[in-house]
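# Structural overview for review
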Amino acid sequence: MAKINIKIEGIPYEVEEGLTILEAAKKCGYEIPSLCTFNHGECNLGSCRVCLVEATGARGLVASCVYPVSEGMEVRISSPAAVEARRESVELLLSNHNKNCQQCEKNEYCELLHAAKLTGARDDAFAGTHSKTYVDRLAPGLVRDTSKCILCGRCVARCQNAHGMGILGFENRGFNTIVAPAENRSFADSPCIQCGQCVNVCPTGALMEHSEIQLVDDAMKSGKVMVVQAAPAVRAALGEEFGYPVGTPVTGKMIAALRRLGFNKVYDVNFGADLTIMEEGTELLGRIKNGGTLPMITSCSPGWVNYAEYNYGDLLPHLSTCKSPHEMQGAIIKSWWAKQKNLDPKDIFVVSVMPCVAKKFEKQREQLLFNGVPDVDAVITTRELARMIKRSGIIFNRLPDEEWDQDIMGDYSGAGVIFGVTGGVMEAALRTVYFKMTGREKDEIIFSEVRGHDAGIREASIDIDGTVVNVAIASGMKSAKVLLDEIRAGKSKYHFIEIMGCPGGCINGGGQPYVRSCFLPDEDDDIIDTYKEKRAQALYSEDERQTIRQSHNNPQIIELYEKYLTEPNSHKAHKLLHTSYAAREGFN
Amino acid sequence: MGKLTAAATAQITAICNRYKDEETPLMMILSDIQNEYGYIPLEVQELVSAKTGISVAEIYGVVTFYSFFSLTPKGKYVIGCCLGTACYVKGAQQVIDKFSELLGIGPGQTTEDGLFTIDALRCIGACGIAPAVSINGKVYPKVTVSQVHDIVASYQDAEHSGEVI
Amino acid sequence: MISTREELTQSIESCTKALDAKFSGNDGKRHVVLCGGTGCLSNNSMEIKERFEEKLAELGLSNEVTVNIVGCFGFCSQGPFVKIYPEDTLYRLVKIEDVEEIIETDIVNHTVVYRLLYKDTATGQRVTKQEDINFYKKQRRVALHGCGEINPEDINEALGAGAFQGLSRALSMSRQEVIDEVLKSGIRGRGGAGFPSGRKWQFAYNVESDEKYVVCNGDEGDPGAFMDRSILEGNPLAVIEGMVIAGYAIGAKNGYFYVRAEYPIAVQRLRLAIRQARAEGLLGENILGTDFSFNCHLRLGAGAFVCGEETALLNSIEGKRGMPRPRPPFPAVKGLWGKPTIINNVETLACIPYILREGADKFAQVGTENSKGTKVFALGGKVNNVGLVEVPMGTTLRELIYDIGGGIPGGKKFKAIQTGGPSGGCLTEEFLDEPIDFDNLVAKGSMMGSGGAIVMDEDNCMVDVAKFYMEFICDESCGKCSPCRIGTKRMLEILTRITEGRGTMKDLDQLEELAKTVKTNSLCALGQTAANPVTSTLKHFRDEYIAHIRDKKCPAHVCKNLMEYVINKEKCVGCGLCAKGCPVNAIHKTDYVPEGHKLPSYTIDTSKCIKCGACISTCRMRAISKQ
Ligand SMILES: Cc1cc2nc3c(=O)[nH]c(=O)nc-3n(C[C@H](O)[C@H](O)[C@H](O)COP(=O)(O)O)c2cc1C
Ligand code: SF4
Ligand code: SF4
Ligand code: SF4
Ligand code: SF4
Ligand code: SF4
Ligand code: SF4
Ligand code: SF4
Ligand code: SF4
Ligand code: FES
Ligand code: FES
Ligand code: FES
């Protein structure tokens with residue numbers, strides 16, 4: 001990119017051509033408040049008008065988020081007219097906003113509140129009536145509250161970009177405009193897959209995960225045996241909530257915190273992941289051997305499963321019948337584990353800490369109830385866990401590093417850890433499939449062809465002693481759709497496909513900490529480009545630190561099969577660890 | 001989608017096919033549906049979505065943006081009262097109020113018998129003969145409050161005698 | 001099929017002859033011409049035409065007398081018009097029942113029907129010919145060329161009036177020469193902002209692209225303005241020709257008309273004109289034997305004022321919500337489907353054939369220093385002669401309102417004229433001698449806009465007018481950007497408060513602050529100009545605002561909450577008519593019998609009165625007034 005010369009506040013700078021004023025200013029060390037723009041123009045409506053600055057060559061003030069820099073341009077951020085204009089844009093937004101920041105769960109990460117502070121917005125400068133409020137709490141995964149929406153359009157763009165679906169859109173016009181699923185329906189009554197990607201980008205409290213902290217509190221109060229299990233992606237991101245650099249694994253402190261929150265048992269979902277690999281690998285081999293439905297597609301991402309049920313009812317037989325890891329583990333806790341501990345499953349309360357909001361939907365699926373009892377009782381996100389830690393007075397940084405509970409489900413392999421990043425399930429499965437097919441371990445256990453942290457499609461052909469296994473990986477439904485349409489058209493060459501709901505996989509799940517450079521002063525400006533890679537790296541390095549790196553070598557897994565399940569895909573395993581799917585109408 | 005009759009499905013499909021060579025046909029499809037089917041409910045939007053690949057939310061957003069598109073059926077006679085400046089300064093507000101009073105419905109509403117809808121319009125370019133009222137395309141010039149009753153009655157009478165206006 | 005420039009010349013020659021023969025009677029016939037514009041059609045001009053045809057047939061005159069439809073005469077409030085050639089007699093306010101008399105008296109007996117002639121408002125004199133009517137005297141027709149003269153559904157009449165001569169000349173020039181000619185004419189866009197059209201074309205010309213587009217903006221949203229409608233109804237081929245010339249100049253192959261769906265007749269005539277032009281080879285491949293090919297397409301609006309804004313319009317054509325896009329990139333660089341695009345207003349494009357046909361110099365002869373040519377205004381409101389007028393730029397407001405418009409009806413006092421519609425402002429008495437042009441109107445706190453000109457008299461409340469426009473803007477704001485979406489709502493709330501007597505002096509400061517914020521912060525020109533009506537009324541009529549706030553009075557007696565209907569008990573003769581007509585039975589008999597009267601007078605129970613105004617018009621004694 002060519003460089004050009006500009007001035008900001010009279011000081012000369014050299015910046016890249018093609019940047020917006022906002023981006024260029026950031027690189028030169030200025031923060032211009034902004035609300036509607038996001039992620040290098042992923043959303044660039046230029047609609048909030050809080051980023052106005054003066055720039056030579058333009059009439060009046062310009063929206064710095066969409067206005068490109070040009071040679072010789074002189075920018076003034078601090079001119080009185082610009083300062084006042086930015087403040088008044090924020091004040092107007094606030095005048096139609098349900099300002100209850102103290103109670104608002106977004107409070108700490110609210111960009112509107114941040115902009116209000118930055119611009120010095122006055123109290124009730126333009127008081128008046130509010131637009132009609134709609135609150136949707138029907139969906140288990142997420143909550144929408146229009147009284148907090150500033151119509152920035154980020155969520156609309158994210159849903160479209162990640163999934164090509166466009167569940168959300170602008171409706172009505174003028175003061176009555178809202179952002180909602182078609183017909184202002186609930187997420188629950190529309191083909192939303194409840195992945196929560198839109199929640200991740202919302203600058204305000206208008207879109208939030210459907211919190212289950214209260215459920216957990218109530219269970220604690222009622223004296224149930226509290227078992228908590230945390231997914232791998234959580235440890236790779238939780239630290240961000242406590243000031244650690246992005247990509248710092250905080251496994252030990254997280255375990256310590258969970259104990260201090262009152263959980264009786266603290267397990268890693270990786271045990272469940274290993275179990276999933278055993279079942280799924282065996283299922284795949286079975287399908288290949290017996291001419292079953294191929295390609296087989298992973299089923300551990302409930303966001304993806306929702307998508308399949310809404311849009312590809314005809315392809316459901318391609319989905320692996322395996323439950324997702326935390327559901328498998330929940331099922332084991334409420335059966336084998338309960339028996340070992342002499343507990344009635346009804347007295348056990350299983351909490352999953354997840355990077356995911358779709359799991360909140362998943363846990364209440366009809367198909368996942370066992371005699372009316374769910375495998376998992378509550379799902380809280382990484383963000384909710386951080387909130388619970390903070391409210392309990394725990395100073396996270398001073399916690400000691402502790403270990404998972406080791407009994408019955410304490411061991412786990414490196415294969416389980418990498419489930420949290422796109423391609424991870426595939427890699428974990430391949431390690432085991434290779435062993436099952438050849439009877440020996442692969443020397444180089446890293447399948448780098450399938451590694452990556454981004455959306456899009458990756459594919460590989462793995463030669464296992466002469467048998468070629470074709471695999472493909474997609475994350476985000478936009479990419480997945482390409483593979484699915486191939487299958488539908490009868491043109492798919494793959495045996496095994498991994499699909500993840502969120503672009504990049506669970507490290508970028510809808511329940512993960514918000515990544516906003518304005519709240520991460522110690523990160524570099526490009527954090528929005530690098531956080532996925534950094535979080536993924538945290539998981540890959542944990543895999544490398546493990547001595548056992550294949551699921552089938554996890555001794556407690558071996559013991560579980562020996563003592564309880566007999567073998568993968570056994571009758572008992574099917575009853576506990578497998579499930580079924582059903583096509584659904586998007587708008588019912 | 002299952003809620004649409006076979007005839008309706010065929011009609012909407014035919015409309016979509018009319019524009020299949022157009023680059024961005026949505027507005028044209030919706031205009032034709034509004035004109036021919038009379039309104040654009042969600043089921044119809046789902047079908048259009050399936051035919052065009054445009055998401056239902058986006059279609060819904062377009063339908064609710066433009067005042068010509070309607071989510072519910074309009075009356076057989078749509079009384080469009082101009083409330084543009086030229087008409088307003090010549091008493092158009094009183095005229096629309098009179099229609100409302102006589103029919104017992106407000107602007108944007110439809111009578112229970114499905115006969116009349118009152119719409120408040122913004123200038124129909126007939127300002128020279130303000131205030132103007134347009135009923136199913138027929139423009140009434142210089143409408144006074146006292147004429148409103150007769151205008152409504154002419155449609156009601158025609159309706160009873162089975163005549164076509 | 002006209003396939004070369006020579007063939008076009010021949011075609012035009014023969015069509016011109018035919019048309020002249022009609023106007024001059026050289027063909028030995030008489031010609032009845034009726035206005036077929038929207039206004040007159042709604043006053044039964046089609047039925048009148050049919051009656052003419054029937055009666056003439058009955059009398060065996062069908063061969064000697066023809067009956068024709070033409071476009072709008074402009075003076076719609078006096079329609080329907082019937083004109084008889086070659087005498088050029090103009091009848092107005094014609095009814096179906098008048099047909100027989102016109103035929104008998106005029107066609108058969110060659111005597112004018114005196115009572116159907118236009119009567120001058122000032123002198124009371126009857127006027128026979130159109131050109132002698134004051135309304136038309138100061139007009140000059142460039143954009144309205146052919147409107148009210150030719151049959152808009154017959155391409156031969158358009159050719160007779162010179163259509164496609166401009167295109168023919170353009171095609172003999174290089175693209176850059178065409179742009180230079182347009183630059184030289186000095187024409188500025190008639191759609192609102194007044195941007196020099198030549199410069200706009202030059203931008204698009206300069207951008208390299210495999211595909212470019214011309215878009216004609218026929219959305220005409222400004223309430224009260226209807227010039228684009230009349231042009232499209234009266235001479236659609238002129239606009240098509242203008243578009244083709246623009247297409248040639250910038251290097252486009254396709255053009256899109258975006259016309260409001262509220263204009264069915266305009267749409268139908270435009271569609272027909274496109275079809276006829278295509279059949280004649282004036283649209284399509286290798287126009288007039290050159291290697292230039294161009295096609296026109298039609299798109300309809302669906303009821304959103306903001307779609308007149310050019311980027312919103314592009315989004316609408318692209319099948320999206322009509323929400324404006326931030327600029328840059330400008331449409332000339334990245335417009336329709338991402339390709340370089342120019343957007344021109346209907347009236348602008350209608351002037352282009354004239355510029356190419358008659359030459360830029362001739363166009364630039366009229367007008368002011370920086371605003372060349374003529375402009376069409378839609379004169380409306382409290383003025384005697386309501387209609388469309390095309391006058392040279394630089395005409396004064398006084399000429400417009402008094403000479404052409406015939407002054408204020410009922411001897412009322414002029415208060416203000418609102419130009420530029422909801423984006424404009426009002427101008428008061430002191431500005432009456434200001435020449436009208438783009439820059440001068442802006443300098444005086446209003447703007448040209450599309451040419452709506454609404455006259456207000458002493459009975460108009462300026463706070464109510466400001467509120468009316470703000471209500472319009474609030475309804476039509478696309479809702480995309482926060483200053484406009486929320487700011488205009490706040491202003492409307494304040495204005496409503498004031499008109500209801502709940503305003504405070506602090507509200508005025510807040511209005512001013514909001515006006516400034518919405519103007520500087522909004523994304524598109526809708527928001528950027530939305531506060532103009534408020535700002536200008538606040539400036540010129542602050543006392544009216546203060547009267548509403550401090551005295552709780554509406555000086556013009558418009559704001560319902562601030563007035564009462566009162567019966568003057570001395571004037572009331574006790575007839576009881578008002579009481580009968582009151583919808584809420586608010587009027588009662590008293591026991592007071594005024595001196596010299598037989599019956600007791602009536603009184604209004606103000607607590608019951610809903611201020612519908614019915615009683616005031618029923619009282620023949622003028623005993624009821626608003627206070
Ligand atoms: C809110 C808004 C409404 C507008 N409406 C119209 C319109 O109805 N017709 C029109 O020609 N231009 C309208 N304009 C101006 C157009 O954006 C554009 O400037 C114009 O069509 C350019 O053509 P011109 O250069 O020939 O005037 C509108 C602008 C705004 C901001
Ligand atoms: S969204 Fe932000 S500004 Fe709004 S209430 Fe929540 S914290 Fe406060
Ligand atoms: S910041 Fe102010 S308003 Fe908010 S809690 Fe503290 S004192 Fe109260
Ligand atoms: S949860 Fe996912 S699918 Fe649903 S609206 Fe948000 S981004 Fe779209
Ligand atoms: S819900 Fe959130 S992301 Fe979506 S438009 Fe509203 S404020 Fe923006
Ligand atoms: S990718 Fe992970 S976070 Fe996203 S929906 Fe699937 S399981 Fe949930
Ligand atoms: S100024 Fe108004 S009309 Fe223009 S983009 Fe903003 S909200 Fe929409
Ligand atoms: S204004 Fe209307 S309601 Fe009031 S007294 Fe007169 S007729 Fe009755
Ligand atoms: S109509 Fe006039 S004169 Fe008759 S009762 Fe009413 S106020 Fe008196
Ligand atoms: S951030 Fe620039 S307009 Fe919203
Ligand atoms: S304002 Fe009513 S027709 Fe123009
Ligand atoms: S419509 Fe007949 S004069 Fe305008």
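This report concerns the structure included in the present document. Here the structure is a predicted model, which is why all the values come from computation and not from measurement.

Moving on to the overall build of chain B. When you go through chain B residue by residue, the secondary structure sums to seven helices and four strands. By its C-alpha atoms, chain B is 50 × 35 × 25 Å across when sized along the principal axes. Evaluated residue by residue, chain B yields a buried proportion of 56% over its 165 residues. A total of about 7,000 Å² of accessible surface is found on chain B, and carbon and sulfur atoms cover 51% of it.

On to the interface of chain C and chain B. If you look at the interface, chain C gives 48 residues, while chain B gives 34 residues. Both faces considered, chain C and chain B share a buried interface measuring about 3,400 Å² in area, 59% of it formed by carbon and sulfur atoms. For the chain C face of the interface with chain B, the top three residues by lost area are Ala302, Arg321 and Phe468 of chain C, together amounting to 17%. Seen at the junction of chain C and chain B, the total is two salt bridges. Close ionic contact of aspartate 475 of chain C with arginine 122 of chain B constitutes a salt bridge, the shortest N to O distance being 3.0 Å. When residues of the side of chain C that touches chain B are assigned to their parent elements, the largest contribution, seven residues, is made by helix 18 (residues 462–476) of chain C. Considering only residue class, the side of chain C that touches chain B consists of 22 nonpolar, 13 polar and 13 charged.

This paragraph deals with the packing of helix 10 (residues 227–234) of chain C against helix 12 (residues 264–279) of chain C. All names here are of chain C. Contact pair helix 10 / helix 12: the axes reach a minimum separation of 8 Å and the direction vectors enclose 40 degrees. Relative to helix 12, the element helix 10 is oriented oblique. Like other packed secondary-structure pairs, helix 10 and helix 12 cross with a definite hand, here left-handed. Residues Arg229, Leu232 and Glu233 of helix 10 lie in contact with helix 12, whose contacting residues are Pro264, Ile265, Ala266, Arg269 and Leu270. Taken together, the residues that form the contact of helix 10 with helix 12 break down as five nonpolar, no polar and three charged.

Considering all chains together, one arrives at 30 aromatic pairs over all chains under this definition. When the ring of phenylalanine 23 of chain C is compared with that of tyrosine 85 of chain C, the centres are 4.9 Å apart and the planes differ by 55 degrees; the resulting orientation is tilted. Taken as a pair, phenylalanine 23 of chain C in helix 1 (residues 5–24) and tyrosine 85 of chain C in strand 3 (residues 82–85) lie far apart in primary sequence, 62 residues in all. The exposure class of phenylalanine 23 of chain C is partly exposed, given its relative accessible area of 23%. Taking the relative accessible area as the measure of exposure, tyrosine 85 of chain C reaches 5% and is therefore buried. If you follow lysine 390 of chain A out to its NZ or CZ, it ends over the ring of phenylalanine 242 of chain A, 5.4 Å from the centre.

Our focus in this paragraph is the interface of chain A and chain C. At the junction of the two partners, chain A supplies 34 residues and chain C supplies 31 residues. When residues of chain A are sorted by the area they lose upon contact with chain C, Leu92, Arg173 and Phe175 of chain A head the list and together hold 25% of the total. If you look at where chain A meets chain C, you find four salt bridges. Here chain A and chain C share 22 residue pairs in polar contact (both at pLDDT 80 or more) between them. Elements with a minimum of two residues in the side of chain A that touches chain C: helix 2 (80–95) and strand 8 (168–171) of chain A. Per-element accounting of the side of chain A that touches chain C gives the leading share, eight residues, to helix 2 of chain A. Residues that form the side of chain A that touches chain C fall into these classes: 16 nonpolar, eleven polar and seven charged.

A few words now on the sheet that holds strand 2 (residues 65–70) of chain C. Residue and element names in this part refer to chain C. Strand order across the open sheet formed by four strands is 2-1-3-4, with mixed pairing between neighbours. Two strands lie at the open edges of the sheet, namely strand 2 and strand 4 (89–91), each paired on one side alone. Pairwise comparison of adjacent strand axes, ignoring direction, gives a mean angle of 20 degrees for this sheet. Of the strand pairs in this sheet, strand 3 and strand 4 are connected by three bridges, and their pairing is antiparallel. When the sheet's bridge partners are listed, valine 82 is paired in strand 4 with tyrosine 91.

Turning our eyes to something else, we now look at the sheet that holds strand 4 (residues 61–63) of chain A. Residues and elements named next belong to chain A. Read from one edge to the other, the open sheet built from five strands follows the order 2-1-5-3-4, with strand pairing classed as mixed. Both outer strands of the open sheet, strand 2 (11–16) and strand 4, are each paired with one neighbouring strand and no more. Going from strand to strand, the sheet's axes swing by 40 degrees on average, the running direction of each strand aside. Of the strand pairs in this sheet, strand 3 (residues 52–55) and strand 5 (residues 74–76) are connected by two bridges, and their pairing is antiparallel. Note that in strand 5 the partner of glutamate 54 across the bridge is arginine 76. Across the sheet, helix 2 is in contact with strand 3, strand 4 and strand 5; its angle to strand 3 comes to roughly 160 degrees.

This next bit is on the site of ligand 6. All names here are of chain A. With respect to spatial proximity, the complete set of residues near ligand 6 consists of Ser301, Pro302, Gly303, Pro355, Cys356, Lys359, Met500, Gly501, Cys502, Gly505, Cys506 and Gly509. The pocket occupied by ligand 6, as judged from atoms lying within 2 Å of grid points, is the largest cavity. The residue makeup of the shell around ligand 6, split by class, is six nonpolar, five polar and one charged.

Moving on: the pairing of strand 8 (residues 254–259) of chain C. All names here are of chain C. In terms of burial, strand 8 is largely enclosed, as six of its six residues are buried. Burial of strand 8 is two-sided: the residues Asn254, Tyr256 and Tyr258 facing one way and the residues Gly255, Phe257 and Val259 facing the other way are all buried. Note: strand 7 (residues 213–218) against strand 8, six bridges, orientation parallel. By the bridge assignment for strand 8, asparagine 217 is matched with tyrosine 258. In the sheet, strand 8 pairs with strand 9 (residues 295–300) via six bridges, with the strands oriented parallel. Across the sheet, residue glycine 255 finds its bridge partner in strand 9, namely cysteine 296. Between the parallel pair strand 8 and strand 9, the chain is carried across by helix 12, and the sense of this crossover is right-handed.

Residues and elements named next belong to chain A. Within the fold, isoleucine 557 resides in helix 18 (residues 555–565). Linking isoleucine 557 and isoleucine 408, residues 149 residues apart in sequence, is a C-alpha distance of 8.8 Å. When neighbours within four sequence positions are excluded, isoleucine 557 is seen to be in contact with Phe271, Asp274, Leu275, Met278 and Ser551.

Right, let's get into helix 1 of chain C. Between its terminal C-alpha atoms helix 1 of chain C stretches 28 Å, which fits the 28 Å expected from 20 residues at 1.5 Å a residue. Looking at the buried positions of helix 1 of chain C, the neighbouring elements they touch are strand 1 (30–35), strand 2, strand 3, helix 6 (155–160) and helix 7 (165–171) of chain C.

At a closest axis distance of 10 Å, the pairing of helix 2 of chain A and helix 20 (residues 505–521) of chain C adopts a crossing angle of 105 degrees. Considering the angle they form, helix 2 of chain A stands roughly perpendicular to helix 20 of chain C. Contact with helix 2 of chain A, carried on its side by Glu84, Ala85, Arg87, Glu88, Ser89 and Leu92 of chain A, involves Glu513, Leu514, Lys516, Thr517 and Asn521 of chain C of helix 20 of chain C and no other residues of that element. Of the residues in the contact of helix 2 of chain A with helix 20 of chain C, the class split is three nonpolar, three polar and five charged.

Reading the values: the criteria
Residues numbered from 1 in each chain as written. Chains lettered and ligands numbered in written order. Predicted model: local features only at pLDDT ≥ 70, side-chain atom pairs only at ≥ 80, totals over all residues. Heavy atoms only, no water. Helix = DSSP H or I, 4+ residues; strand = E, 2+ residues; numbered from the N terminus. Buried < 20%, exposed > 50% of the residue type's maximum accessible area, 1.4 Å probe, protein only. Areas by Shrake-Rupley, 256 points an atom, 1.4 Å probe, with all protein chains shown as cover. Contact = heavy atoms within 4.5 Å. Buried area = accessible area lost by both parts, 1.4 Å probe. Salt bridge = Lys/Arg side-chain N within 4 Å of Asp/Glu carboxyl O. Nonpolar A, V, L, I, M, F, W, Y, C, P; charged D, E, K, R; others polar. Axes fitted to C-alpha atoms, helices over the stretch in contact; angles between N-to-C directions. Parallel < 35°, antiparallel > 145°, perpendicular 65-115°, else oblique. Left-handed = near helix turned anticlockwise from the far one by under 90°. Phe/Tyr/Trp six-rings, centres within 6.5 Å; stacked < 30°, edge-to-face > 60°. Lys NZ or Arg CZ within 6 Å of the ring centre and 35° of its normal. Polar contact = N/O pair within 3.5 Å; in protein donor to acceptor, adjacent residues only side chain to side chain. Pairing = 2+ DSSP bridges. Near = heavy atom within 4 Å. 1 Å grid on protein atoms, 1.4 Å probe; cavity = no way out; pocket = protein on both sides within 12 Å on 5 of 7 lines; lining within 4 Å. Sits in = over half its atoms within 2 Å of the grid points. Right-handed = clockwise from strand over helix to strand, strands pointing away. Expected span 1.5 Å × (residues − 1).

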